[in-house]
Amino acid sequence: MTMPFTSRLCTLAALASLTALPLTSHAASDGAELCAQQAYAMGLRYQQQSAEAAALQRQGFALATYRLEDQIEAHGGSDDLAIITDLDETVLDNSALLVRDMQACHDYTTWDTWKHWEREGEPRLMPGAKAFLDFADEQGVAIFYVSDRYQENEADTIATLEALELPQVSEQSVMLLGPAKAERRAEVVENHTLVMQLGDSLHDFAGDFAGADLEQQHELVEENAERFGKDWIVFPNATYGAWSDAELDAWDAPHEVE
């Protein structure tokens, strides 16, 4: 997950038009309240409820396991190997918070409910995450949790990770919002051989993605194509991202039904 330093305003008008929802709440014919934020429902259903998303998450961690085995072998059992993983929507499933906010007609991409969730929320582990991290730990690979969760809630985040029984959780290994992710990754590289990164946002892998617009991100993906599935493992997140207010391409043929 990549959270901005300031609240990011989503284009709710565009989202609402895509789902034929009004911009202001009103009582529908069945008495249900509808609002623009309910345009997030399809992505949230996919992320939280679909068996396909769970399968992709397991597939991602299975691939990461195979690739980490390759890296361990290639480095001849070196004892300074390290991996970096993002937390939110990579290792931790925070969809319960997002659903709660959507149902309250609140735009969760302003991130003004996130601190409360960090302190008191109970995220679930992504399928396959613990098995992979335990494997890395058993192989003597250092694990760093580089996340844009708030530094002021560091103790709460560490407590959450410990409650989920994740390995190598400490103040040194959990690196939260403050310096840019690229700077935190550089700290890891100073004393370790970084062999793998895991995340749901391209910003989790390289600083070049952080300041890039969507077109530039596509170009950077093409330039780094050989890294994806090798030492960069990406996980699906249909609930938020830099793509969320992008224009959609439509077929230009006349609309016909049969």
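That block above? That's the structure.
Quantities reported herein were computed from a predicted structural model and do not represent experimental measurements.

**Student:** Quick one: what's the story with the environment of Gln-38, residue by residue and with numbers?
**Tutor:** Structurally, Gln-38 can be placed in the loop between strand S2 (33-34) and helix H2 (41-49). With 63 residues separating them along the chain, Gln-38 and Asp-101 place their C-alpha atoms 9.7 Å apart.

**Student:** Please set out the packing of aromatic side chains residue by residue, giving values where relevant.
**Tutor:** Evaluated as defined, the whole model comprises 8 aromatic pairs. With a centroid separation of 4.7 Å and an interplanar angle of 40 degrees, the aromatic rings of Tyr-40 and Tyr-108 are classed as tilted. Remark: Tyr-108 occurs in the loop between helix H4 (95-103) and helix H5 (114-120) and Tyr-40 occurs in the loop between S2 and H2; sequence separation between them is 68 residues. Overall, Tyr-40 belongs to the buried group, its relative accessible area being 8%. Geometrically, the ring pair formed by Phe-228 and Trp-232 is edge-to-face, given 5.4 Å between the ring centres and 70 degrees between the ring planes. Clustering of aromatic rings is evident, with ring pairs tying together Phe-205, Phe-209, Phe-228 and Trp-232. Cation over ring: Lys-115 sits above Tyr-150, and NZ or CZ is 4.8 Å from the ring centre.

**Student:** Before we move on, can you summarise empty space enclosed by the protein with the specific residues and values?
**Tutor:** For the structure shown, the criterion picks out 1 cavity of 30 Å³ or more. Within this model, the largest cavity holds a volume of roughly 40 Å³. Elements supplying a minimum of two residues to the lining of the largest cavity: strand S3 (81-85), helix H8 (181-191) and strand S8 (193-199).

Here is what the cut-offs are and how they apply
- Residues numbered from 1 in each chain as written.
- Predicted model: local features only at pLDDT ≥ 70, side-chain atom pairs only at ≥ 80, totals over all residues.
- Heavy atoms only, no water.
- Helix = DSSP H or I, 4+ residues; strand = E, 2+ residues; numbered from the N terminus.
- Phe/Tyr/Trp six-rings, centres within 6.5 Å; stacked < 30°, edge-to-face > 60°.
- Buried < 20%, exposed > 50% of the residue type's maximum accessible area, 1.4 Å probe, protein only.
- Lys NZ or Arg CZ within 6 Å of the ring centre and 35° of its normal.
- 1 Å grid on protein atoms, 1.4 Å probe; cavity = no way out; pocket = protein on both sides within 12 Å on 5 of 7 lines; lining within 4 Å.
- Points joined across faces, edges and corners; volume = space filled by probe spheres on them.

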